[in-house]
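Geometric and topological summary
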Amino acid sequence: MAERWEYHLAEVNGFSTKDVENQTDVLFGLHASQYTGSHHLLGFSADVGWSAFLHNMPGVDVLPGGVGAGFRLVYEYQYSGLLIQSGLGINYQRIVTAVADTSIYHEHMHDTWSGVQDVEFTLKHRFFDRTDEAQHLYLQIPIYAGHYIVGLKGLGYFLAGVHMNYAVWGTTTQRLTGTTTGLYERYVGVWQEMDNHGFRKDVPIERQGNKLKLKFDIVAHAELGYEYTTFQNPNSYRVRPGDRLDCRLRVAGFVDFGIINILPKTNNVFYGIPDETIYDFPTYQMDHVFSTVDAHAFWLRNLSIGVRFTVLFGFQGKEHCILCDPWRH
């Protein structure tokens with residue numbers, strides 16, 4: 001009797017008992033797709049996008065910003081529509097920050113070139129077209145949670161959470177142009193482009209420095225995308241015989257925003273001009289604007305917007321169907 005019942009059920013559903021054993025068994029033995037039940041997935045993700053430092057420091061622009069690119073190894077646990085993801089990655093960031101023009105005045109300077117005694121003037125340094133570049137390589141640990149969004153053919157999904165960033169490497173570069181002029185009270189006009197008096201025009205300046213000593217960062221992450229699968233579509237339950245590889249391809253847009261202030265605390269100066277070499281541009285000291293004492297009263301946060309690609313692999317376990325054969329395990 002039992003054998004006749006088993007044969008009848010297999011014939012009604014249109015496949016043999018051997019095929020039935022290859023069906024995905026979740027939800028108490030009912031046929032279901034790879035998107036139900038528990039799944040452990042391993043893979044990797046890569047992303048690229050625009051990145052910038054958000055801040056409230058006057059005279060410093062957020063733009064033009066720069067580029068960020070990351071790569072990470074990913075572990076994901078899926079239970080039906082629920083997604084929990086973690087891993088380990090690295091993220092490269094190059095950000096250019098525009099700095100406002102600056103003028104520095106030195107009063108009661110003595111003219112030692114004119115040969116006239118007690119001639120005083122005001123020396124003006126003007127620095128303009130300044131951009132401060134910062135490069136960093138971060139070690140990154142993400143902790144995200146999300147859910148699938150069932151829609152048209154295929155699946156949408158979202159993830160949200162935080163990741164921890166720690167800068168393990170970096171450099172800074174300051175590029176600008178400098179000009180010096182002299183204002184003599186006893187003469188009319190401004191003296192300029194007179195190398196024999198130390199007045200020079202449009203001198204290109206570039207300084208290399210160490211990385212910004214950014215604090216440990218906690219970044220909020222939101223990701224919305226679409227998933228393609230080479231295994232099953234989300235609405236099917238038939239497993240192709242011998243095909244157990246579960247490969248999922250994702251493309252998504254993401255936004256990362258720093259939660260905490262990462263501004264470093266240093267004693268560096270914005271412009272350092274030694275008195276003994278006041279006309280000698282190569283001796284001037286300049287540090288990245290966010291690593292100077294002038295920035296201490298303000299805050300600094302990371303912002304990134306871009307596109308992420310993710311590839312995940314898993315294996316569909318062989319399970320039995322309780323409805324098809326109550327005597328087999």
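Worth saying up front: this structure is predicted, and the values here are computed from it rather than measured. (Residues numbered from 1 in each chain as written. Predicted model: local features only at pLDDT ≥ 70, side-chain atom pairs only at ≥ 80, totals over all residues. Heavy atoms only, no water.)

**Digging into the environment of Val269**
Tracing the backbone shows Val269 in the loop between strand 12 (245-258) and strand 13 (271-272). When its relative accessible area of 29% is taken as the criterion, Val269 is described as partly exposed. The spatial distance from the C-alpha of Val269 to the C-alpha of Ser291 is 8.2 Å, given a sequence separation of 22 residues. Those residues in contact with Val269 that sit more than four places away from it in its chain are Gln285, Asp287 and Thr292. (Helix = DSSP H or I, 4+ residues; strand = E, 2+ residues; numbered from the N terminus. Buried < 20%, exposed > 50% of the residue type's maximum accessible area, 1.4 Å probe, protein only. Contact = heavy atoms within 4.5 Å.)

**Let's talk about the layout of surface pockets**
Looking at the largest pocket, its volume works out to about 190 Å³. Lining the largest pocket are 16 residues, and of these Asn210, Lys211, Asn268, Asp287 and Ser291 lie nearest its centre. Ranked by residues supplied to the lining of the largest pocket, first place goes to strand 10 (residues 203-210) with four residues. For the lining of the largest pocket, a count of residues per class yields two nonpolar, 10 polar and four charged. (1 Å grid on protein atoms, 1.4 Å probe; cavity = no way out; pocket = protein on both sides within 12 Å on 5 of 7 lines; lining within 4 Å. Points joined across faces, edges and corners; volume = space filled by probe spheres on them. Nonpolar A, V, L, I, M, F, W, Y, C, P; charged D, E, K, R; others polar.)

**Things to note about the pairing of strand 7 (residues 120-150)**
As paired strands, strand 5 (residues 82-99) and strand 7 are joined by 16 bridges and run antiparallel to one another. The partner of Tyr92 across the bridge, within strand 7, is Leu137. As defined by bridge partners, strand 6 (residues 102-110) adjoins strand 7 across seven bridges and the pair is classed as antiparallel. In the strand pairing of strand 7, Met109 is matched with Phe121. Two elements, strand 7 and strand 8 (residues 155-184), share 28 bridges in a ladder whose sense is antiparallel. If you follow Leu139 over to strand 8, its bridge partner there is Tyr166. (Pairing = 2+ DSSP bridges.)

**Some thoughts on the packing of aromatic side chains**
Under the definition given, this model contains 10 aromatic pairs. Note on Phe44 and Phe71: the rings are 5.9 Å apart at their centroids and 25 degrees apart in plane angle, and the pair reads as stacked. Of the two residues, Phe44 sits in strand 3 (residues 38-55) while Phe71 sits in strand 4 (residues 60-79), which places them 27 residues apart along the sequence. The partly exposed category is assigned to Phe44, whose relative accessible area is 33%. Counting every residue linked through ring pairs, the aromatic cluster contains Phe127, Phe270, Tyr271, Phe281 and Tyr284. For the cation-ring pair, Arg250 lies above Tyr157, with the distance from its terminal atom to the ring centre recorded as 4.7 Å. Taking the ring centre of Trp299 as reference, the NZ or CZ of Arg301 above it sits at 4.8 Å. (Phe/Tyr/Trp six-rings, centres within 6.5 Å; stacked < 30°, edge-to-face > 60°. Lys NZ or Arg CZ within 6 Å of the ring centre and 35° of its normal.)

**Here we look at the nonpolar core**
Formed by 33 residues in total, the largest nonpolar core has its most connected members in Phe53, Phe127, Leu214, Met286, Val289, Phe290 and Leu300. Elements with a contribution of two residues or more to this core: strand 5, strand 7, strand 8 and strand 10. The contacts of Phe127, once residues within four sequence positions are left out, are Asp101, Thr102, Ile104, Leu176, Thr177, Gly178, Ile205, Tyr271, Ile273, Phe281, Tyr284 and Met286. Tyr35, Tyr157, Leu159 and Ala252 belong to the second largest nonpolar core, which has eight residues in total. (Core = buried A, V, L, I, M, F, W, Y, C linked by side-chain atoms within 4.5 Å.)

**Some points on the environment of His108**
Note on placement: His108 falls in strand 6. With relative accessibility at 56%, the residue His108 sits in the exposed group. Residues His108 and Phe121 lie 13 residues apart in sequence; the distance between their C-alpha atoms is 5.7 Å. Among residues more than four places away in sequence, those in contact with His108 are Glu120 and Phe121. A distance of 3.2 Å separates the side chain of His108 from the side chain of Glu120, its partner in a polar contact. (Polar contact = N/O pair within 3.5 Å; in protein donor to acceptor, adjacent residues only side chain to side chain.)

**Considering the confidence of the model for the protein**
Of all residues in the protein, 77% attain a pLDDT of 70 or more, and the chain-wide mean is 83. Per-residue pLDDT stays below 50 along residues 1-31; that stretch engages in 53 contacts with residues further than four places along the chain or on separate chains. Of the regions scoring below 50 in pLDDT, residues 325-329 engages in nine contacts with residues more than four places distant in sequence or in other chains. (pLDDT = per-residue confidence, 0-100.)

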